[in-house]
Each structure stands twice: as C-alpha cells, then as structure tokens.
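Here's the letter readout for the chains.
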Amino acid sequence: MEKLANYIDGKLVPPTSGEYIDNYNPSKGEVFSLIPKSDSSDVDAAYAAAAEAFPGWSNSSNDERSRILFRISALLEEHLEEFAEAESLDNGKPLWLARQVDIPRAISNFRFFSQAATQFASESHAMQDKAINYTLRDPIGVVGCISPWNLPLYLFTWKIAPALATGNCVVAKPSEVTPYTAYKLSEICQKAGLPAGVLNIVHGLGPEVGAAIVVHPKIKAVSFTGGTQTGEWIARTAAPMFKKLSLELGGKNPTIVFGDCDMKKTLKEVFRTAFANQGQICLCGSRLFVQKSIYTEFKNAFIEIVKNQKVGPPRDSDSKLGAVVSKGHMVKVLSYIDLAKEEGGTILCGGEQLHMSAPYDKGYYIAPTVVEGLSHTCRTNQEEIFGPVITITPFETEEEVLEMANSTEYGLAASVWTENLSRAHRMAKKLESGIVWINCWLLRDLRTPFGGVKSSGVGREGGFEAMKFFTEPKNVCIQYGD
Ligand code: NAD
C-alpha cells in the first residue's frame, strides 16, 4: 500500500512517530493509502527548514519567485489527468469535476499569483507640499496554511501560492481526509526547483499537526479554511499570541429565486448551486427560497431535474454526483435528514443512502435530497449540513425573504435570480454575505475579495487582498517642506 510522506526541507520524509493513518477511497469505502501521523516534532522540523530558507526566498527577486510559481503551475498542467484521478479517488467527487474544476483551478492559483508577484504595488500618501508617506510591504516570515477536504488541492494552493508569491516560507497542512494531491504537489515542487524549505507540507490530524502550527510561537500568521468550530478555537488560541489570522469558515447560503427570473436558466443553475460536489462546497446554496407566484411550477420542475441526475461511481462520466467524503460525514448528513423529518419536513426527493453494486457496494452515496415545509428558524435551516441536502421555502416579498436569508449565524455567499435590475442591486446591498452572485453561481474572478461575514469568517482572500494578508505594512513618512 502506498505510504505518503511529509515534504520537509525539500525532501520526502516519514513522520518522526513512524505511525500512519488509514486513507480511504470513499467511492469503495476501502483504504488505499497511508498518511503520516505527524506531530509537533515534525512541525518543529518544518518550521526550522522554513526559517532557514526565509532569508534567501524573501530576498529573491519578484521575477525569480514568479518564474518558479509559474513552473509549478505548468508542471501541474502537464500532469492534470493524473492529479484529477488522484483527487477523485481520494475525495469521491466525479472525475469529470476534478478534471474540469479542481485541478484547473489549482493550476490557475499558481499561475495567477505568479503574475501577482510582479504586479503587486503598495500605496503612497502625499501630504500637501510638506511630506510624503509610502508603505513598505514585507513578507511576514514563516506562515501556516491549513485547508479542508472538500476542494483539496484547489483550496490548499489558494493559500500557498500568495504566501510564496509575497516571499514568505510556509508550513502547510492539508486535510487528513484528503491528503493525496498535496502529497503529489510535493513532487511537483521538487521538479520545479522550489528551493528546499520554502514550502513544507506536514500531514496528520488537526488537533496534532494543525494545532501545533497554530500554537507555534514563531509562526506569525495562519491562513485557515475549515469549519466554524475549528476556526473559533484557532481564533481563541492565536489571539493572545497576536498572530495575524485569515479564517474562511462555514456557510448556510441562501439561493433566492424571484418570480421574474429566467426560469430555464435558473432551474439548471440552481441544481448546481445545491448539489455540486455532493453539496460539499462552502458556497453551495442549501436554503432555496422561491417566490410564491412561481413556487409550485418551479418546485415541480426542479424536483424532476433532481430525480433524474445520476449518483454513481466517480469514474462514470455520467455520474452527476459521486460519493460523499467519508463514512463519518455520510452518517452526519443522514442524521440531518432524520432531523428534518423530526422537525416536520416533507422529503420531496432523495432522503436516503444509496447502495451501488460491487466493487462500489461499501461506498458512501447519498441521494440528492430536497425538504419542504420547514420553518426558517429550525435547526435544519440554521445549521451547516455540508452535503446533498437542501430545503425549499416559499416567500412573498423582498423584505420577507431578506429576513429569512439573513437569519442564520453565517454570511458567506448568496445567489439571487431575477431579471429586475433594481431588485438585484437592492438585494445585493441588503444580504448579509461576503459574496453575492446575481443570475450566476461560482463564477470566480481571482482578483476579487473572497470571504464571509458573521460566523463565516474573518478577513478576505483573493487577489491583492491575499497579498496584503501575507505582508506586513510599514509606513515611512518623509518631510521635505516646512
Ligand atoms: P475542519 O475544521 O474539521 O478541518 C479543516 C482543517 O483544519 C483540516 O486540515 C483539519 O485537520 C484542521 N484542523 C482540525 N482541528 C484543528 C485544530 N484544532 N487546529 C488546527 N487545525 C485543525 O473542517 P473540514 O471538515 O475539513 O471542512 C469542512 C468545513 O470547511 C465546512 O464547515 C465548510 O463550510 C468549510 N469550508 C469553508 C470554506 C470557505 O472558503 N469559507 C471553503 C471550504 C470549506
């Protein structure tokens, strides 16, 4: 069985403990590789390598860093198919999705930030005829990047690329649930000529490796994407150490369909907002609100679409949904379907685990599920489920839907479907959300600020926001007049 390795000081090395954790293929429910069970001693070794590499990397020219990041992106592109297969195997997502979304986006992340390295500029503030201020932006030093399992390489590289582009050295931890492509990225970094110690990847459990990064006294900034509960612990632990934090956390996003929407387009796209990646995208719309004037027509047509989508093995090209990521996660999602029933919801479609034939008979498959008839304040409508389960709720007015949409503790993303331009702008302004899509979903320009409000997080990623996070500004004021 393949044993993954940590990537420390440019080398692939075993964990100091010598212990490993099972890594499952969710489509078959079988172990397919072993993950290093690292601990704080491996994080210490990664930190030491990063600290030694920092003077060289931070003093290298923007051009040089850009060139190496670009090479990583080009090598990833050369190996796109191999990476897509690895991602699908490890995560359970359809292979076509990994091929069309996950790996192309990881390639774009490196390409985008390789260019940003040469484009980033800082501010200057002139004081009338008297003085000028300019801002120096230096890399922070050694930074930590911690990522989740839903879009493994996509989100891992979304953090690492800007950290490296700005001249930092990194200790990174991918999710222990989906470590495979991060491991394979180590090999790409070696081939691309990334100097030893600039990027270190330590595998293992969150409370062991992740926590060791968070509490490390010399790791000055942590960029984290994951659950709100983990984010809360990180904030509580890192705040007294005055660390810089970027926290991208959970969501319970509303999808709001008005009677004046383009029905055909909306029906098709709303399926994606709800069930893409088995509903395991922090941006997925898990609460669907439909205006009463079209409620029955929309609901019936939508349920027809959902019922006709194939859930199946990730390698089948016609599988719209694959397996959810783990047995534990499947049990959690199914328990929310039970809760929805207890709370008085009616299951319009799905509502159960699906069983495939061998060799996929032990895999973790759930039918896409739509629940009707729940109050917007019940737990099913307030808590993040993060699976192929959504609720559908009618509304009459803008005010009413805004109240329901904004009623959760979360505020990551929302989508609004209407052909009325003024209404679209009004809604965008009033939704408590870091991101609002109008008549589209998951359309991403990497220059835009990305992140959530309320319990969905603190700080923004993307474009120069990320470059700013990974640099420390210093104001220099020069007086030249009286
Ligand atoms: P998680 O919080 O359990 O784990 C995320 C990462 O943190 C993993 O690498 C994990 O090992 C690590 N970790 C766990 N405990 C830790 C600790 N005490 N200290 C440091 N690190 C620790 O989340 P998950 O289950 O992997 O991911 C699903 C969650 O991620 C969902 O809530 C989802 O909404 C969220 N998410 C948010 C975004 C966003 O951009 N806002 C994107 C994707 C996923």
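Note that this is a predicted model, so its numbers are computed, not measured.

Novice: Give me the lowdown on the packing of helix α13 (residues 398-405) against helix α14 (residues 421-430), citing residues and values where you can.
Specialist: Where α13 meets α14, the closest approach of the two axes is 11 Å, and the angle between their N-to-C directions is 30°. With respect to α14, the element α13 is oriented roughly parallel. For the pair α13 and α14, the sense of crossing is right-handed. Every residue of α14 that contacts α13 at E398, V401 and L402 is listed here: R423, R426, M427 and K430. Residues of the contact of α13 with α14, tallied by class, amount to three nonpolar, no polar and four charged.

Novice: For the site of the ligand, give the residues involved together with the corresponding values.
Specialist: Every one of the 30 residues lining the ligand counts as a neighbour, but S147, E176, T230, L249 and E384 are closest to it. Interatomic distance of 2.8 Å between a backbone N/O atom of S147 and an oxygen atom of the ligand. One nitrogen or oxygen atom from the main chain of G226 is found 3.3 Å from an oxygen atom belonging to the ligand. Its free accessible area being 850 Å², the ligand has 88% of it covered by the protein chains. Among the cavities detected, the one that contains the ligand is the largest pocket. Where the shell around the ligand is concerned, the elements lending two or more residues are α7 (206-215), β11 (221-225) and α8 (228-238). With five residues, the top contributor of residues to the shell around the ligand is α7. Residue composition of the shell around the ligand, grouped by class: 15 nonpolar, 11 polar and four charged. Both of domain 1 (2-249 + 456-476) and domain 2 (253-445) provide at least three residues apiece to the shell around the ligand.

Novice: Before we move on, can you summarise the sheet that holds strand β19 (residues 389-395) with the specific residues and values?
Specialist: Spatially, β15-β18-β19-β14-β13-β20-β21 is the arrangement adopted by the seven strands of the open sheet, whose pairing is mixed. The open sheet has two edge strands with one neighbour each: β15 (346-349) and β21 (435-438). Across this sheet, the average inter-strand angle for adjacent strands is 25°, counted without regard to direction. Here three bridges tie strand β13 (residues 253-257) to strand β20 (residues 413-417), and the two strands are oriented parallel to one another. Directly across from I256, in β20, lies its bridge partner V416. This element, α14, spans β13, β14 (285-291), β20 and β21 of the sheet and lies at about 165° to β21.

Novice: How would you explain empty space enclosed by the protein if you had to name every residue and give the values?
Specialist: By the definition in use, this model includes five cavities of 30 Å³ or more. A volume near 100 Å³ is recorded for the largest cavity. If you trace the largest cavity, you find 16 residues lining it, with G279, I281, C284, S286 and F386 closest to the centre. Contributing elements (two or more residues each) for the lining of the largest cavity: β14 and β19. Taken together, the residues of the lining of the largest cavity break down into eight nonpolar, six polar and two charged. Computed from the structure, the second largest cavity encloses a volume of approximately 70 Å³. Lining the second largest cavity are 15 residues, and of these P254, A405, Y410, G411 and E432 lie nearest its centre. Tallied by class, residues from the lining of the second largest cavity come to six nonpolar, six polar and three charged.

What counts and what doesn't
The written sequence of each chain sets the order in which its residues are numbered from 1. With pLDDT at 70 or above as the cut-off, local features in this predicted model cover only qualifying residues; side-chain atom pairs require 80 or more to be listed or tallied, and sums for whole chains, interfaces and linings still use all residues. The side-chain quantities take in all heavy atoms of the structure and omit both hydrogens and water. Fitting a line to C-alpha atoms yields each axis, with helices limited to the stretch in contact; the angle taken between N-to-C directions then spans 0 to 180 degrees. Numbered from the N terminus, helices here are DSSP runs of H or I no shorter than four residues, and strands are runs of E no shorter than two. Angles are sorted into four bins: roughly parallel if under 35 degrees, roughly antiparallel if over 145, roughly perpendicular if 65 to 115, and oblique for all others. Crossing handedness is defined as follows: a turn of the near helix away from the far one that is anticlockwise and smaller than a right angle gives a left-handed crossing, while the clockwise case is right-handed. Contact between two residues is taken to exist if any of their heavy atoms lie within 4.5 Å; hydrogens are not considered. By the convention adopted, Pro, Cys, Tyr, Trp, Phe, Met, Ile, Leu, Val and Ala count as nonpolar, Lys, Arg, Asp and Glu as charged, and the other residues, Gly among them, as polar. Here a residue counts as near a molecule or strand whenever at least one of its heavy atoms sits within 4 Å of it. Here a polar contact means two N or O atoms within 3.5 Å. Within protein one must be a hydrogen donor candidate and the other an acceptor candidate, and residues neighboring in sequence count only if both atoms are side-chain atoms. Calculation of accessible area relied on Shrake-Rupley with a 1.4 Å probe; when residues are assessed, cover is drawn exclusively from the protein chains displayed. Buriedness of a pocket was judged along seven lines, with at least five required to meet protein on both sides within 12 Å; pockets are open sets of points on a 1 Å grid over the protein atoms alone, cavities are sets where a 1.4 Å probe fits but cannot get out, and lining residues have an atom within 4 Å of a point. Here the criterion for a molecule occupying a pocket or cavity is that more than half of its atoms lie within 2 Å of the pocket grid points. Each domain's extent is set by a domain assignment, obtained either automatically or from a database. Each pair of strands is called paired provided DSSP finds at least two bridges between the two strands. Grid points are joined across faces, edges and corners, and a volume is the space filled by probe spheres set on the points.

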